[in-house]
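Summary of the model geometry
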Amino acid sequence: VVESPACIWGRVEGGPGGDAQTMGQYDHLTAQMNLFYHDVTQDQHKLKHTTLEKEQICVAFSPTLKSWCRAKIEAVITDSVSCQVRSSSQTEAVLHETEEDSISIQLFLMFGSIKVCANDELVAKKFAYYSKDPAAGSGLDDEDRKPVMLSSSIINHVVNYTTPLPKSVPHSPPPAGKRKELPFESDAALFKWFFSVLLEWLNPEPLKADVDSEEVEAAPAVDPQKDLHLVHSVFPLEPCQSLDDTPITDQLRRLIQRKLLYSLSPADRYSWPAVARGCNTLIVSPNAGQPISYLPPLLTHVLKSLPFLLHLQPIVVVVCPGWQKAQAIFDLLEETKVSNSLHPMIINVGVKKDEAKSVKIPKNCLLIITTPFSFVRVLSHHCFLFLRIYHLVLDEADQLFTLASEQMTTILQHFQKVVSSGDKAACPQQIVAVSKQWTSQMEALITGHMPHPSIIITIPEEAALYANLQQVSRQKCLESSKINVLLGTLDFNPDVGQKTLIITSSPREADDVFEAVRNKSAFCMKSHEGLTHEFDFVVQQWKKSIGPGTHVVLVTTNECLRCLGICDATCVVHYGFPASPRKFGSRLFSMVKNFRNLTKPDKVDTGRHLARSVLLISERNARHVVGVLRYLGRTGAPLPPELLSFAQSVTAAREDQKTNKPLCSHLKSFGACRDSSVCPDRHSWNPHLDKSELPASGVIEVVPLFIKTASVFYGRIVTKEENDFESLAAAMTLFYADKKPGATEVLAGALYAVQEEKDFHRVKVLSIPDRGDRLFFTVFVQFIDVGKREEVKAHQLLQLPEQFQSDPGQAVEIIVCRVKPGDSERDWHPKVTRAISQKIKGLQHRVRVVLTLGNTVFADPMVRVTQVPGMKTLINEYSLQSEILSSGMAESNPDHINLLKALCHADSADGSNKLSAFRAAEVKNLAADRPQLELLCPTSIINKPPLVTLPPSPLPLHPAVRWYQSTDSLMVTLKLSNPEAPSCQFSSDRVVFRGRVNSKWYEANLELHRNIDTDRCSWKLKANEPVLTLVKETPTYWEKLVKAKKASKLNDLTFASGQCFVEDIGEHNFYVNSETDSD
């Protein structure tokens, strides 16, 4: 700024006094300030200071710099009019006459009983001029003069008012000498408009519009520019502001507050009023997997309806995708203390004969928790027991429709018959569907079974799927040719008016695209971080009505898009690739006014897409391709073959980065991974890790020692001539009979001995916690001759002599082939695993080996062979596959071995570890015959199986941690679902929890911020997750949970004065959860 020729203000950007980092921070600050204060969606009244004081820091817009700048107030100059208006008890404006497009007025201010005219101030501020002919009868003395207000164009130039000018008001004075009649129906209409403008100038606070008898449309419940939440509802929904004003019972509210179970999410604020009202509600939100996100309002509605209902049959049915979720919901109901009123019951039946027929439902049971397969089986035998279902809850609805589409059709048809019967017409009828994703089946659910629905979607990219946008993906092109592809995509002479947003990654890219498009279109604008002062003009031009053949194009950037508040675009072109699904969805929300609304079926045009999204993909976006294809595949959009081919190469490259990871346990157990796109383990054959010294075929004898699941266990191979394990066990028992020398030093990877009852086992230490000054601690070990992994106390470790360390570990992983959990379950039900464990543990079995990978033997079949006493006759007592299938909770998996062999053959033939030749989920029509059970001859027993050395075990993983606190205690929740072999150790300044989930060990080693009372601390499983209760040694507020955060993710949810503080953990919902920062 040049103050005078001798005084120039500036800032240093280079040289000895310039810090490049500081300059960059200042530029970033300036850019963020301009974006914030030019944001057209901001409420400017909330940004203004209520008072101004000397030395106060504020911001001011510099017309010279065209930028918002930080400013310090050096002096406060009082405005007489403003002071008078603020201090007056009454403001009155008297209309005298109109002259052309000007208005003659008198402005009076009342100070108690004193009436003052403020005309001089109006003239001084150039809002009026003095008329030469004062109107008679004005009520003023002769010396008073009345001002005439200047034309509306002058007012618009001087004052930034928000009251819109009527379209019929001229913006320029008429030519001299010509009288122009005012285009108002009456002087009252003219005065009404003028008075609203005047009062806005006089009063800085917004005024309520005087709507008279005219009906004003209610503001939409969703703010797409800010919240990115879609709320479509037949009934108006007032969002809850806090837990205190939620429509739930006081008992449930106190429970949530006392135990700090939950904090309201954006979806809950809209959905809880709808559910509590009894409305049909569909919710798509990130926290849909938590039953507490919908249960409190549902239980409230049911409990309040109980006095009016006949309690003879279940009135609520909660359908879950699997037994684990059903158990979690049941546990939560027990926690909420509603069991005394509703008496919930879990129904989980298999295909076993007469199992569904024998189900007994108590008469006082009003709430059923089940799976779609189990519910359909029970319905086929006990349909008459479910004739009073008024509330149907679909938990994780996307999984229900994907895994059990036929069963869901049957359930919905039954519910439709129940609620449509004549005697149920007046009873409450409600469907609550909760999901993390939108699926195409939900459209039929809403239109066919949910009258007058409320739809709440708080994931923007899922809202775009609901909106049925037309998704267009341009095949992979070079970065240098993207502009040509872009120009070929746009239609500059459309049949109907179009508004297109082209979103770039940087201001420079926006300038380049603007120059290219401007040559083709006469209606092209640009807006980026360097042009924030033009935001108002851009928005004003964008909002103008357009007709057929007009195509308005706006080129902007990600950062500017959210500040423009655009929500009526018809097309979004992603010239710059979105870095995450949320950013992708936020772009699509610029078309939210063109989203279809399924709550208004008469206005839904299912045959035409109202909005379009165009995605340009270049070589720079290689790491996003897999996630993009997965998303586009859900839209039903045609995918270019070149893009599919490129995605396959990207997938193969990702698999190459996993060559040192263990082979996927789900792939080994069932032949296919649950979801290889997010699984961190390896899915290809590695000749170094998968090469095995175990027999690849033939018949062997095994003894199961540790039962991991119904089809996976660890055991040892039994030989006929030699029994190294028995000899080793006897020698160890003899050695430790006289003395038991304790371990003097505990080292990771070293071998020790541990006593269990009368037996001694060799163990290998896998990890040692940071013990600090503690005398006693636990270590995580593997029993190398048994196979199990668990924690043991360090003082229980015994020294292992050298003669016992030379023999390799005896434990071998054994997988029974051709069986898998039934009903599309991911894991075996505990009662199946428990039954198999009781049947086979410690008993010798005979197996036929069909494949070996590393230390894993694949058995098909596995039978229990016994010899008739006194005879040489052998009989097969049972086949393990048959026992598993007879449980009713399993099904045959005939392609298991074929898939595994295809994996090995495809990769070994190619001489590499790539996945390009094999995808487990895509292998079809394999010609290999299904192996049959047969009587195994004892002469085929091998003589001497080699001993196997266990591969090195990976270090334990770190679970995510969520913690809450009250004055005297803390609640720490570990995000581990049903951990196996859990253990927890409390110290005064540290907590260590360990557990195994899906064959992976997790450890949360928390060095606490302050001390705790170890004698009063405890832990237990809640909703299948470990919850640690830590009692503070001194009741006080903790600023943080741990002294220094390491690998665990800590979500701080500390409640103080009704507020929740959530730690910033960055962008969420990435396309792929991998180590390559993909998508």
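Residues numbered from 1 in each chain as written. Predicted model: local features only at pLDDT ≥ 70, side-chain atom pairs only at ≥ 80, totals over all residues. Heavy atoms only, no water.

**Let's talk about the overall build of the chain**
Each helix and strand counted, the chain has 28 helices and 45 strands in total. Expressed as a percentage of its 1079 residues, the buried residues of the chain come to 49%. Here the analysis covers contacts within the chain between residues at least 6 apart in sequence; of these, 68% occur between residues at least 24 apart. About 53700 Å² of surface is accessible on the chain, with carbon and sulfur atoms providing 51% of the total. (Helix = DSSP H or I, 4+ residues; strand = E, 2+ residues; numbered from the N terminus. Buried < 20%, exposed > 50% of the residue type's maximum accessible area, 1.4 Å probe, protein only. Contact = heavy atoms within 4.5 Å. Areas by Shrake-Rupley, 256 points an atom, 1.4 Å probe, with all protein chains shown as cover.)

**Considering unusual backbone geometry**
Looking along the chain, the bond that leaves aspartate 860 and enters proline 861 is cis, with omega of 0°. Relative to the helices and strands, proline 861 resides in strand 33 (residues 856–867). Unusually for a residue other than glycine, aspartate 354 sits at a positive phi of about 65°. Locating aspartate 354 in the fold gives a position in the loop between strand 13 (345–347) and strand 14 (367–370). According to the relative accessible area criterion, aspartate 354 is partly exposed, its value standing at 47%.

**Some remarks on the sheet that holds strand 26 (residues 751–756)**
Spatial strand order, 26-27-28-29: four strands in an open sheet with antiparallel pairing. The open sheet is flanked by strand 26 and strand 29 (789–793), the only strands paired with a single partner. Each neighbouring strand pair of the sheet contributes to a mean axis angle of 50°, computed without reference to strand direction. In terms of strand pairing, strand 26 meets strand 27 (residues 759–767) through six bridges, oriented antiparallel. In the sheet register, glutamate 756 faces strand 27, and the bridge partner there is aspartate 759. Contacts between helix 25 (residues 724–738) and the sheet are confined to strand 26 and strand 27, with strand 27 contributing the most and set at about 95° to the helix. (Pairing = 2+ DSSP bridges. Axes fitted to C-alpha atoms, helices over the stretch in contact; angles between N-to-C directions.)

**Thoughts on the packing of helix 8 (residues 266–276) against helix 9 (residues 295–305)**
Relative to each other, helix 8 and helix 9 sit at 20°, their axes nearing to 8 Å. Our classification of the angle between helix 8 and helix 9 gives roughly parallel. The way helix 8 lies across helix 9 gives a crossing that is right-handed. Touching Trp272, Val275 and Ala276 of helix 8 are Pro296, Pro297, Leu298 and His301, all from helix 9. (Parallel < 35°, antiparallel > 145°, perpendicular 65-115°, else oblique. Left-handed = near helix turned anticlockwise from the far one by under 90°.)

**Looking at a positive patch on the surface**
A cluster of basic residues, Arg254, Arg258, Lys337 and Lys1020, forms a positive patch at the surface. Tracing the backbone shows arginine 254 in helix 7 (residues 250–259). (Patch = residues over 30% accessible without salt bridge, like charges linked within 9 Å, V, L, I, M, F, W, Y side chains within 5 Å. Salt bridge = Lys/Arg side-chain N within 4 Å of Asp/Glu carboxyl O. Lys, Arg positive; Asp, Glu negative; His and termini not counted. Charge placed at Lys NZ, Arg CZ, Asp CG, Glu CD.)

**Description of the packing of aromatic side chains**
Scanning the model with the defined rule gives 11 aromatic pairs in all. On the numbers, 5.2 Å between centres and 85° between planes, the contact of tryptophan 438 with tyrosine 466 is edge-to-face. In this pair, tryptophan 438 sits in the loop between strand 16 (430–435) and helix 15 (441–449) while tyrosine 466 sits in helix 16 (residues 460–466), placing the two residues 28 residues apart along the sequence. As far as burial versus exposure is concerned, tryptophan 438 and tyrosine 466 are alike and both buried. (Phe/Tyr/Trp six-rings, centres within 6.5 Å; stacked < 30°, edge-to-face > 60°.)

**Thoughts on the environment of serine 454**
When you line up the elements, serine 454 lands in strand 17 (residues 454–457). A sequence separation of 219 residues divides serine 454 from phenylalanine 235, and the C-alpha atoms of the two residues are 7.5 Å apart. In this structure the side chain of serine 454 is engaged in a polar contact, spanning 2.9 Å, whose partner is the side chain of serine 233. (Polar contact = N/O pair within 3.5 Å; in protein donor to acceptor, adjacent residues only side chain to side chain.)

**Focus: the nonpolar core**
Judged by nonpolar contacts, the single largest core of 81 residues is most densely connected at Leu282, Ile347, Phe386, Leu392, Leu394 and Phe595. When neighbours within four sequence positions are excluded, leucine 282 is seen to be in contact with Ala433, Trp438, Met442, Leu445, Ile446, Met450, Ser454, Ile455 and Ile456. With 42 residues, the next largest nonpolar core counts Ile256, Ala274, Leu366 and Leu367 among its residues. (Core = buried A, V, L, I, M, F, W, Y, C linked by side-chain atoms within 4.5 Å.)

**Some remarks on the pairing of strand 23 (residues 612–618)**
Within strand 23, seven of the seven residues are buried, leaving the element largely enclosed by the surrounding structure. Of the two faces of strand 23, both are covered, the one formed by Arg612, Val614, Leu616 and Ser618 as well as the one formed by Ser613, Leu615 and Ile617. Pairing of strand 22 (residues 571–574) with strand 23 involves four bridges; the strand directions are parallel. Looking at strand 23, one finds that valine 572 is bridged to serine 613.

**A word on the UniProt feature "zinc finger region: C3H1-type" (unreviewed entry) in the chain**
As annotated in UniProt, the feature "zinc finger region: C3H1-type" (unreviewed entry) corresponds to residues 658–686 in the numbering used here. Each end of residues 658–686 is marked by a C-alpha atom, and these two atoms are 10 Å apart; helix forms 21% of the span and strand 0%. (UniProt positions renumbered as here; feature names shortened; annotations may be inferred.)

**Describing the pattern of salt bridges**
Evaluation of the coordinates by the stated rule reveals 33 salt bridges. A salt bridge links glutamate 980 to arginine 996; the nearest nitrogen and oxygen atoms lie 2.9 Å apart. You can see glutamate 980 sitting in strand 38 (residues 980–986) and its partner arginine 996 sitting in strand 39 (residues 990–997), a full 16 residues away along the chain. Assessed through its relative accessible area of 7%, arginine 996 is described here as buried. The structure contains a network of salt bridges with shared partners spanning Asp770, Arg990, Glu1007 and Lys1043.

**Comments concerning the packing of helix 17 (residues 482–489) against helix 18 (residues 507–518)**
Helix 18 packs onto helix 17 with a crossing angle of 45° between their chain directions and a minimal axis gap of 11 Å. Between helix 17 and helix 18, the crossing angle belongs to the class labelled oblique. Between helix 17 and helix 18 lies a crossing whose hand is right-handed. Residue-level contacts link Ile483, Leu486 and Leu487 of helix 17 to Asp512, Val513, Ala516 and Val517 of helix 18. Looking at side-chain class alone, the contact of helix 17 with helix 18 contains six nonpolar, no polar and one charged residues. (Nonpolar A, V, L, I, M, F, W, Y, C, P; charged D, E, K, R; others polar.)

**With respect to the side chain of serine 613**
Looking at the secondary structure, you find serine 613 in strand 23. Taking relative accessible area as the criterion, serine 613 reaches 0% and is therefore assigned buried. At 3.2 Å, the side chain of serine 613 and the side chain of glutamine 471 are in polar contact. Dropping the residues within four chain positions of it, serine 613 is found in contact with Gln470, Gln471, Val472, Val572, His574, Phe584 and Leu588.

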